[in-house]
Amino acid sequence: MSGLAAVAASGLAWPAAALGAQPRPWEMGYQAAGSPVMDQVESFHGLLLVIITAISVFVLALLLYVMVRFREGRNPTPSKTSHNTMIEVLWTVVPIMILVVIAIPSFKLLYFADRTADAGLTIKAVGHQWYWSYEYPDSGNFTFDSRVVCRTADECTQAAKGGVTPLRLLDTDQRIVVPVNTNVRLLVTAVDVIHSWAIPAFGVKLDGVPGRLNETWFKAEREGVYYGQCSELCGVDHGFMPITVEAVSKEKFDAWVKMAQEKFDKVETPAGEPAKGAADKEKKADAGTTGGKTAETTNAVELAGRAQ
Ligand SMILES: [Cu+2]
């Protein structure tokens, strides 16, 4: 594939997510972190795991000791003691100290994940029943829809391109493309019901609430494809509105933006009135005319899926 063709295909084809992150069968831990927030989520998780394990082992040991040492056979006349100042102070102060130890990194992480001061790019994600649309307000203000490619193993096999089969329920017909190692400000909203934009490897899970604009950020630390799904029950096709982010080099991203500015529609609706534009889009989508080729093929896939 020539360089230019590779650029044109970015966000469209489905090569394996070599360096990105995707769920794997029987995975027990997290997907490999791909953003600084997720790095911190992981280390916070590590701290909590140590604390809760220590507490559980300590309580279990106490229980076992009491069951053996103070059983009726060994301790026929129980003590009538009802107060012990020392131990009461201890079981008040020690848990407070544990909570403080947890609270400090917890609040640090909350504020760290909340927003970034220096964003190199802004993306707005809009949840719809049942797909996501995206806007790039500071890259030419274009917008596109992103729909699930295949719902069943058969559909995925049929949708294979160049010997690569798209991931079931995870790949989209149009990926979000971002430059690698760049802070991306992510704005999330919705037009109908509450959705939630989530990419596990970025440590991002943010509700899209109609009439509100929520903010968070991520920085893809390596090139590749990152997968996520809508994470708020939003209706019958909740499980069929995946999120796919492709992180590419800055040069590739600039070339993609140029292509995207020509290919995709401009955002027409003024800020603060997402519902109207979305309603028009829905009508167009029903007629099978939105967004040219990709929307048509996906609509066909969607209809096939519904018919089952
Ligand atoms: Cu949803």
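The rules behind these values
Residues numbered from 1 in each chain as written. Predicted model: local features only at pLDDT ≥ 70, side-chain atom pairs only at ≥ 80, totals over all residues. Helix = DSSP H or I, 4+ residues; strand = E, 2+ residues; numbered from the N terminus. Buried ≥ 20, exposed ≤ 12 C-beta atoms within 10 Å, placed from the backbone. Expected span 1.5 Å × (residues − 1). Pairing = 2+ DSSP bridges. Axes fitted to C-alpha atoms, helices over the stretch in contact; angles between N-to-C directions. Parallel < 35°, antiparallel > 145°, perpendicular 65-115°, else oblique. Contact = placed C-beta atoms within 7 Å. Nonpolar A, V, L, I, M, F, W, Y, C, P; charged D, E, K, R; others polar.

## Description of the overall build of the chain
Counting its regular elements, the chain contains 7 helices and 11 strands. Counting only residues that meet the buried cut, the chain has 31% of its 308 residues in that class.

## Quick word on helix α3 (residues 85-114)
Taking 1.5 Å of rise per residue, 30 residues should cover 44 Å, and α3 covers 43 Å from first to last C-alpha, within 8% of that figure. Little of α3 sits out of view: just 1 of its 30 residues are buried.

## Comments concerning the sheet that holds strand β2 (residues 131-136)
A sheet is described by the order of its strands in space; here 6 strands give the open sequence β8-β5-β1-β2-β3-β11, paired in mixed fashion. One side of each edge strand has no neighbouring strand; the edge strands of this open sheet are β8 (214-218) and β11 (265-266). Judged from the 5 bridges that link them, β2 and strand β3 (residues 142-146) form a sheet pairing that is antiparallel. Bridge pairing links W132 to S146 in β3.

## A closer look at the pairing of strand β7 (residues 204-208)
Covered by surrounding structure in β7 are V204, L206 and G208 only, the residues K205 and D207 on the alternate face being uncovered. Two elements, strand β6 (residues 195-199) and β7, share 5 bridges in a ladder whose sense is antiparallel. Residue pairing across strands places H195 opposite G208, the latter belonging to β7. Connecting β6 to the next strand, β7, in antiparallel fashion are 4 residues, including G203 with a positive phi near 70°.

## Quick notes on the packing of helix α2 (residues 36-69) against α3
The interhelical angle for the contact between α2 and α3, taken along N-to-C directions, is 170°, at an axis separation of 10 Å. One way to sum up the angle between α2 and α3 is to call them roughly antiparallel. Contacts from V37, Q40, V41, F44, L47, L48 and I51 of α2 reach α3 at I98, I102, P105, S106, L109, F112 and A113. Tallied by class, residues from the contact of α2 with α3 come to 12 nonpolar, 2 polar and no charged.

Taken by themselves, the reported measurements are silent on function.
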